[in-house]
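If you want the building blocks of each chain, they are given just below.
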Amino acid sequence: MNRALETRSPFLRVLDGTPFDPPPLWMMRQAGRYLPEYRAVRAEAGDFLTLCYTPKLAAEVTLQPIRRYGFDAAIIFSDILVVPHALGVGLTFEAGEGPRLTPVTDSEGVAALKDRLDPDKVEPVYEAIASVRATLPAEVALIGFCGAPWTVATYMVAGQGTDDQAPARMLALRDETLFQSLIDRLVEASIVHLAGQVAAGADVVQIFDTWAGVLDPSSFERWCAEPLRRIVAGLKALHPHVRVIAFPKGATLEALERLADTGINAIGLDWSADRQAARRRLSGRVALQGNLDPLRLIAGGAALEDEVARIRDDFSGVRHIFNLGHGIRPETPLDHVEKLVEAVRRAR
Ligand code: CP3
């Protein structure tokens, strides 16, 4: 671990135990289509996966939001579906339609997954991380990431995103043993991929569990909490100083409480979370990240500024990282992001 960075980065200091005012700030999906400079590089790359797998371009788009807005953390530009792709699953991104994968629905499909991550898919991610770290200001932290096994499995089983990820939920109910074997493969692959990112220079990793909210409590424990516990233990055995943020979108407060003892350093809250309750029940154990509704950033005005002030009040004095409750949307006006940065950093 880089100790000089640790003392200078407010984001890392919050994760390591110290509240900060104003809170450090970054945005999920901060490198993306709302930025004209991203759209230009994306057009140059042609295809989304080419952008992900070309270290020079991935590093460039990672740095764009840092240059424009001075966020406290950069998140490496990649995608959670790089892991199944590196396990040998066919993957394409259809323009305007989202991802398409070769569905994995039976034991033959799970058995056909590669034993190790294809270096052609993961090495470019590590190269991009090393190159970003080399140019990033020392006080800006670098975040690596992966999808949580449950969320990645939902895309692998359906072969695409669906409204409620019923295909994976159905498979988990009909054939628990098969589904467990898929989750186990993803736990192992996630540890390897996160460890590779940390070795390349990531200070922090975030685990995106976008579909955590569609499970009942016992399924949440089995498919979300338990795999997370194993990933954190496996990763911290290799890299004891890495900080881990979990983002279990849509999870209830009771479910979030079950995650607080998995060894993670922070929990990302979506905009539906009751902040006062989350503060009472979680802030003694983990830092809290979030949770502005991305639509408020599009609306702007009082809808944006009043909520930013409420979020800062609700989390004042506890460890808080300002973020959105989910990814920024492509139609977000640039000057509203400017307003957000000003409002989060305004003296109180
Ligand atoms: O946060 C960042 O800036 C880093 C980059 C990042 C991307 N995807 C780039 C991307 C991250 C962290 C992700 C995570 C991701 N990818 C998640 C979890 C978080 C979430 O948003 O729920 C999921 C579920 C995916 C899978 C995925 N990738 C989908 C469903 C889609 C299509 C929908 C969409 O937003 O377009 C993608 C494509 C994708 N991933 C884009 C970007 C910038 C848009 C592709 C483009 O530029 O054409």
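No experiment lies behind these values; they were computed from the predicted model shown.

Caption draft 1: Quick peek at the overall build of the protein. On a plain count of helices and strands, the protein comes out with 17 helices and nine strands. For 348 residues, the compact-globule estimate of 2.2 N^0.38 gives 20 Å, and the C-alpha radius of gyration of the protein, at 19 Å, lies within 12% of that figure. Structurally, the protein occupies a C-alpha span of about 60 × 45 × 40 Å along its principal axes. When each of the 348 residues of the protein is scored for burial, the buried share is 47%. Considering only contacts in the protein between residues 6 or more positions apart, those separated by 24 or more positions represent 73%.

Caption draft 2: Geometry of the pairing of strand β6 (residues 243–248). The buried count for β6 comes to six of six residues, which makes it a mostly enclosed element. Of the two faces of β6, the one carrying Arg243, Ile245 and Phe247 and the one carrying Val244, Ala246 and Pro248 are both buried. Sheet topology places strand β5 (residues 204–209) next to β6; six bridges connect them, and they run parallel. By the bridge assignment for β6, Ile207 is matched with Ala246.

Caption draft 3: Structural context of unusual backbone geometry. For the bond running from Asp21 to Pro22, omega is 0°, close enough to zero to count as cis. Relative to the helices and strands, Pro22 resides in the loop between α2 (10–16) and α3 (36–45). Cis geometry marks the peptide bond from Gly290 to Asn291, where omega comes out at -10°. Its location among the elements puts Asn291 in strand β8 (residues 287–292). Positive phi, normally seen in glycine, also occurs at Gln165, with a value near 50°.

Caption draft 4: Focus on the sheet that holds strand β1 (residues 73–75). Spatially, the seven strands line up as an open sheet ordered β1-β4-β5-β6-β7-β8-β9, and their pairing is parallel. Two strands in the sheet have a free side with no partner beyond their single neighbour: β1 and β9 (320–324). Adjacent strand axes in the sheet meet at a mean angle of 25° when their direction is disregarded. Packed on one face of the sheet, helix α11 (residues 176–200) meets β4 (141–147) and β5 and runs near 165° to β4.

Caption draft 5: Spatial organisation of the nonpolar core. Counting 113 residues, the largest nonpolar core has Ile76, Ile143, Val205, Ile207 and Ile267 as its most contacted members. Ignoring sequence-local partners within four residues, the contact set of Ile143 consists of Ala73, Ala74, Ile75, Ile76, Ala202, Val204, Val205 and Gln206.

Caption draft 6: Broad picture of the environment of Asp335. Its place among the elements puts Asp335 in helix α17 (residues 334–345). For the pair formed by Asp335 and Val140, sequence separation is 195 residues and the distance between their alpha carbons is 22 Å.

Caption draft 7: Main features of the site of the ligand. Residues in close proximity to the ligand total 23 residues, the closest being Ala31, Gly32, Gly98, Phe208 and Thr210. Here the residues of the shell around the ligand are counted per class, giving eleven nonpolar, eight polar and four charged.

Caption draft 8: Here's a closer look at the pairing of β5. Of all six residues in β5, six are buried; the element is thus mostly enclosed. Of the two faces of β5, both are covered, the one formed by Val204, Gln206 and Phe208 as well as the one formed by Val205, Ile207 and Asp209. In this sheet, β5 lies alongside β4 in parallel orientation, the contact comprising five bridges. Bridging from a neighbouring strand, Phe145 pairs with Gln206 of β5. Considered for its hand, the β-α-β crossover made up of β5, helix α12 (residues 217–238) and β6 is right-handed.

Caption draft 9: Inspection of the packing of helix α9 (residues 149–158) against α11 at higher detail. Where α9 contacts α11, the two axes come as close as 9 Å, and the packing angle between them is 120°. If you check the angle between α9 and α11, you find them oblique. In this structure, α9 crosses over α11, and the sense of that crossing is right-handed. Together, Pro149, Val152 and Ala153 of α9 and Leu182, Ile183, Leu186, Val187 and Ser190 of α11 make up the contact between the two elements. Here the contact of α9 with α11 is built from residues that sort into seven nonpolar, one polar and no charged.

Rules of the game
- Starting from 1, residues in each chain are numbered consecutively following that chain's sequence as written.
- Confidence filtering applies because this is a predicted model: local features only for residues at pLDDT of at least 70, side-chain atom pairs given and counted only at 80 or more, and all residues used for totals across whole chains, interfaces and linings.
- Runs of E in the DSSP output that reach at least two residues are strands. Runs of H or I that reach at least four are helices, and both are numbered from the N terminus.
- In this description the radius of gyration comes from C-alpha coordinates, and the expected globular size is given by 2.2 Å times residues to the power 0.38.
- For the exposure call, what matters is how many other C-beta atoms sit within 10 Å of a residue's own: 20 or more marks it buried, 12 or fewer exposed, and in between partly exposed, using C-beta atoms placed from the backbone.
- By the convention adopted here, residues are in contact when the distance between their C-beta atoms, placed from the backbone, does not exceed 7 Å.
- Two strands make a pair as long as DSSP finds a minimum of two bridges between them.
- Note on geometry: axes are C-alpha line fits, over the in-contact stretch for helices, and angles between N-to-C directions span 0 to 180 degrees.
- Definition of nonpolar core: a set of buried Ala, Val, Leu, Ile, Met, Phe, Trp, Tyr and Cys residues joined via C-beta atoms within 7 Å.
- Defining nearness, a residue is near a molecule or strand when the C-beta atom obtained from its backbone falls within 6 Å of it.
- Three residue categories are used. Nonpolar comprises Ala, Val, Leu, Ile, Met, Phe, Trp, Tyr, Cys and Pro, charged comprises Asp, Glu, Lys and Arg, and polar comprises the others, including Gly.
- Seen with its strands pointing away from the viewer, a crossover is right-handed when the path leading from the first strand over the helix to the second is clockwise.
- By definition in this entry, angles of less than 35 degrees are roughly parallel, angles greater than 145 are roughly antiparallel, angles of 65 to 115 are roughly perpendicular, and the rest are oblique.
- By convention the crossing between two helices is left-handed if the near helix lies anticlockwise of the far one by an angle smaller than a right angle, and right-handed if it lies clockwise.

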